[in-house]
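Understanding the architecture of this molecule
Next come the chains, spelled out residue by residue.
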Amino acid sequence: LPCAPSPPFRLSCAAQRPVSRGWARMPSEVFRTASVSFGCATWEKASLGVNSPADCLNLIVPKSRGPALELLNKLRSFDATEFRQEGGQLHINPHISIDFGGEEQVRAFLAKLA
């Protein structure tokens, strides 16, 4: 099926402002993944940064020279029904799928969001 644009559903997809000296200085807990899919785009071996002070979820693309991309904002406003776990995969609304590679990693990620 071709990828058709759809409503944003609280997704911003806009790049964050660059943080001095790279993403390593973001106040985030970083989770490694096997892959992250956002709509039709998939990034292999990407990382996710849960930035609690900013209340957002950032995509950190390997070998990228740019800043992290904000996937979700207002994380605290999401409820458990918007997260669906299938083994080592997590689906967040209809747009974002994350393959953590294992159920334990999904549980650790969800615990950080709680």
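Before any of the text, the structure's been laid out above.
Everything in this summary refers to the structure shown in the same document. (Residues numbered from 1 in each chain as written. Predicted model: local features only at pLDDT ≥ 70, side-chain atom pairs only at ≥ 80, totals over all residues. Heavy atoms only, no water.)

1. A word on the overall build of the chain
When its secondary structure is counted, the chain shows one helix and nine strands. Within the chain, the proportion of its 114 residues that are buried is 35%. Looking at the chain alone, contacts between residues at least 24 apart form 42% of all its contacts between residues at least 6 apart. Accessible surface computed for the chain: about 7100 Å², of which carbon and sulfur atoms make up 54%. (Helix = DSSP H or I, 4+ residues; strand = E, 2+ residues; numbered from the N terminus. Buried < 20%, exposed > 50% of the residue type's maximum accessible area, 1.4 Å probe, protein only. Contact = heavy atoms within 4.5 Å. Areas by Shrake-Rupley, 256 points an atom, 1.4 Å probe, with all protein chains shown as cover.)

2. Notes on the sheet that holds strand β5 (residues 56–60)
Pairing is antiparallel in the open sheet, where four strands are placed in the order β1-β4-β5-β6. A single partner strand is all that each edge strand has here, and the edge strands are β1 (29–32) and β6 (69–73). Mean inter-strand twist for the sheet, computed between neighbouring axes without regard to direction, equals 25°. Bridge count for strand β4 (residues 47–51) against β5 is five bridges, and the pairing is antiparallel. Residue pairing for β5: leucine 48 is matched across the bridge by leucine 59. (Pairing = 2+ DSSP bridges. Axes fitted to C-alpha atoms, helices over the stretch in contact; angles between N-to-C directions.)

3. Remarks on the packing of aromatic side chains
Two aromatic rings are characterised by how far apart their centres lie and by the angle between their planes. In this structure the tally under the stated criterion is three aromatic pairs. Residues phenylalanine 100 and phenylalanine 109 carry aromatic rings whose centres are separated by 5.1 Å and whose planes lie at 40° to one another, so their mutual orientation is tilted. A single burial state applies to phenylalanine 100 and to phenylalanine 109, both of which are buried. Every member of this aromatic cluster is reached through a ring pair, and the members are Phe31, Phe100 and Phe109. (Phe/Tyr/Trp six-rings, centres within 6.5 Å; stacked < 30°, edge-to-face > 60°.)

4. Describing the environment of histidine 91
With respect to the helices and strands, histidine 91 occurs in strand β8 (residues 89–92). Expressed as a C-alpha distance, the spacing of histidine 91 and serine 37, which sit 54 residues apart in the sequence, is 9.4 Å. Ignoring any residue separated from it by four or fewer positions in sequence, one finds histidine 91 in contact with Glu82, Phe83, Arg84, Glu86, Ile96 and Ser97. Looking at histidine 91, its side chain comes within polar contact range of the side chain of glutamate 86, at 3.4 Å. (Polar contact = N/O pair within 3.5 Å; in protein donor to acceptor, adjacent residues only side chain to side chain.)

5. Examining the sheet that holds strand β2 (residues 35–38)
Here five strands make up an open sheet; going across it, the order is β3-β2-β9-β8-β7 and the pairing antiparallel. The sheet is open, and its two borders are formed by β3 (41–44) and β7 (83–86), each paired with just one other strand. Adjacent strand axes in the sheet meet at a mean angle of 15°, parallel and antiparallel pairs treated alike. In this sheet, β8 lies alongside β7 in antiparallel orientation, the contact comprising four bridges. Looking at the pairing, phenylalanine 83 lines up with isoleucine 92 of β8.

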